[in-house]
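An overview of the molecular structure
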Amino acid sequence: MAKYTRGTVTAFSPFDARADAEALRKAMKGMGTDEETILKILTSRNNAQRQEIASAFKTLFGRDLVDDLKSELTGKFETLMVSLMRPARIFDAHALKHAIKGAGTNEKVLTEILASRTPAEVQNIKQVYMQEYEANLEDKITGETSGHFQRLLVVLLQANRDPDGRVDEALVEKDAQVLFRAGELKWGTDEETFITILGTRSVSHLRRVFDKYMTISGFQIEETIDRETSGDLEKLLLAVVKCIRSVPAYFAETLYYSMKGAGTDDDTLIRVMVSRSEIDLLDIRHEFRKNFAKSLYQMIQCMQKSSSWKMSTEHRTQLFASVF
């Protein structure tokens, strides 16, 4: 929750949108598809440049680039390339819309996005959602969620977290004590207290509260949340705490568990890699190596042995070198 300047994808130079559009059309025209050219172009341009390429593509050929990609590509490779083409300004709004669309709600996406974005980013998401889908995001989310999980989502959607400034040590002490009484010292749990404090206090203030809480209780705040809450609320509270501590570390952990074990959560992997590629993916990579004793590159290569991510070794190498 700070200014981000550590993305892995930057503007390509020298850039020629018309030449890229022509190369992409050639790669998808006729029999067979030149996936290597598509990969090379789309992973080495930043999002703004990809939008210029899409515009040039339509101007030159009267065709929609994304539609052609969907027609020519398949599987997770298609999903990744189409995600790279999605305009950055609507990426989160699009993810949230699909998380609450149709039967069932993807609470994981709601948690990931609303716990990790800054107040300014949340305000922008709400505005874009209204502009693109002519609907109020808060209304849509409250219609699909319930209980204390819903209440914390609504608090985060207000985007009214206190701005960082001078930390009031007296208030730090008070909040730590209040949280201790609301959880460990209470028969049952006062979830509302956790929601209010964790959802509205500034980042710098909460970091001091977590330290003070450990001193007072002998527990990390995450341990208390794990014992005192459950289900979607627990996951959201833990995500908020982790993002207060470090957004890159939170995403490093998210990526790790998306690839760990028997099955890969491809949607989470793609969503995080694409959405953070121009923001803080270098920091995420650093946290990944520090916390999991292997590089993000190594773990993704191991994951790619699964059938859903089959592509040539040469393509994989190009993809990792360009995006990751």
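Within any chain, residue numbers begin from 1 and follow the written order of that chain's sequence. A pLDDT threshold of at least 70 governs which residues receive local features in this predicted model, and a stricter bar of 80 or more applies before side-chain atom pairs are shown or counted, although totals over entire chains, interfaces and linings include all residues. Water and hydrogen atoms play no part in the side-chain values, which are based on all heavy atoms of the structure.

What follows covers the overall build of the chain. From N to C terminus, the chain includes 20 helices and zero strands. For a compact globule of 324 residues, the expected C-alpha radius of gyration is about 20 Å, and the chain comes in at 22 Å, within 12% of that figure. Taking the principal axes of its C-alpha atoms as reference, the chain extends roughly 70 × 45 × 40 Å. Any pair of residues with heavy atoms lying within 4.5 Å of one another is described as a contacting pair. The contacts in the chain between residues at least 6 apart in sequence include a share of 73% that link residues at least 24 apart. Accessible surface, the chain as shown: approximately 15600 Å² in total, 48% of it carbon and sulfur. Charged residues are defined here as Lys and Arg on the positive side and Asp and Glu on the negative side; His and the ends of the chain fall outside this count. Note that the charge is assigned to NZ on lysines, CZ on arginines, CG on aspartates and CD on glutamates. For the chain, the centre of its 45 positive side-chain charges and the centre of its 47 negative side-chain charges are spaced 3 Å apart. Starting at the N terminus, helices and strands are each numbered in turn, a helix being any DSSP run of H or I of at least four residues and a strand any DSSP run of E of at least two. Both definitions apply: the radius of gyration is a C-alpha atom measure, and the globule rule equals 2.2 Å times residues to the power 0.38. Using a 1.4 Å probe, the Shrake-Rupley method yields the accessible areas, and only the shown protein chains count as cover for residues.

What follows covers the side chain of Glu234. You can see Glu234 is positioned in helix α15 (residues 231–245). Note on exposure labels: buried denotes an accessible area under 20% of the residue type's maximum, exposed denotes more than 50%, and partly exposed covers the range between, all computed with a 1.4 Å probe on protein chains only. Salt bridges, as used here, are contacts in which a Lys or Arg side-chain nitrogen is within 4 Å of a carboxyl oxygen on Asp or Glu. With no salt bridge to any partner, buried Glu234 finds its closest opposite charge in Lys235, at an N-O distance of 7.7 Å. The contacts of Glu234, once residues within four sequence positions are left out, are Ile225, Asp226 and Thr229.

Turning to the pattern of salt bridges, a few remarks are in order. In total, this model carries 19 salt bridges according to the counting rule given. For Arg45, the salt bridge identified is with Asp20, shortest N-O distance 2.8 Å. Here Arg45, found in the loop between α2 (35–44) and α3 (47–61), pairs with Asp20, found in helix α1 (residues 17–28); they are 25 residues apart in sequence, far enough to count as distant. A relative accessible area of 8% places Arg45 in the buried class. Its relative accessible area of 7% is what places Asp20 among the buried residues. Here Arg63 and Asp68 are joined by a salt bridge, their closest N and O atoms 2.8 Å apart.

With respect to the helices, strands and loops of the structure, Lys186 is situated in the loop between α11 (169–182) and α12 (191–200). Considered as a pair, Lys186 and Ser44 are 142 residues apart in the sequence and their alpha carbons are 54 Å apart.

To continue, consider helix α18 (residues 281–292). A helix is expected to span 1.5 Å for every residue after the first. For α18, with 12 residues, the first-to-last C-alpha span of 16 Å sits near the 16 Å given by 1.5 Å per residue. Within α18, burial applies to Leu281, Ile284, Glu287, Phe288 and Phe292. Take α18 and look down its axis: the buried residues cluster within an arc of 115°, on one side only. Of the residues in α18, the exposed ones pointing more than 90 degrees away from the buried face are Arg289 and Lys290. Positioned one or two residues after α18, Ala293 has a phi angle of 60°, which is positive. Directions pointing from the helix axis toward each C-beta atom define the arc.

This part takes up the nonpolar core. One finds Leu198, Leu255 and Phe288 to be the most contacted residues of the largest nonpolar core, which totals 66 residues. At nine residues, α15 tops the list of elements feeding residues into this core. When residues no more than four places from it in sequence are discounted, the contact partners of Leu198 are Arg161, Leu206, Phe210, Ile225, Leu237, Val240 and Val241. Of all hydrophobic cores here, the second largest spans 23 residues; its members include Ala17, Ala56, Phe57 and Leu73. Nine residue types can take part in a nonpolar core, namely buried Ala, Val, Leu, Ile, Met, Phe, Trp, Tyr and Cys, and a core is a set of them joined through side-chain atoms within 4.5 Å.

Attention now goes to the packing of helix α10 (residues 147–157) against α15. Direction vectors running N to C along α10 and α15 enclose 30°, while the axes themselves pass 8 Å from each other. With respect to each other, α10 and α15 are oriented roughly parallel. Crossing of α10 over α15 shows left-handed handedness. From α10, His148, Phe149, Leu152, Leu153 and Leu156 reach across to α15, where they touch Asp232, Leu233, Leu236, Leu237 and Val240. Lines are fitted to the C-alpha atoms to define the axes, a helix being fitted only along its stretch in contact, and any angle between axes, read from their N-to-C directions, falls within 0 to 180 degrees. An angle below 35 degrees is treated as roughly parallel, one above 145 as roughly antiparallel, one from 65 to 115 as roughly perpendicular, and anything else as oblique. Left-handed describes a crossing whose near helix is turned anticlockwise from the far helix through less than a right angle; right-handed describes the clockwise counterpart.

A word on the environment of Ala239. Tracing the sequence through the fold places Ala239 in helix α15. Leaving out residues up to four positions away in the same chain, Ala239 has contacts with Thr111, Ala115 and Tyr250.

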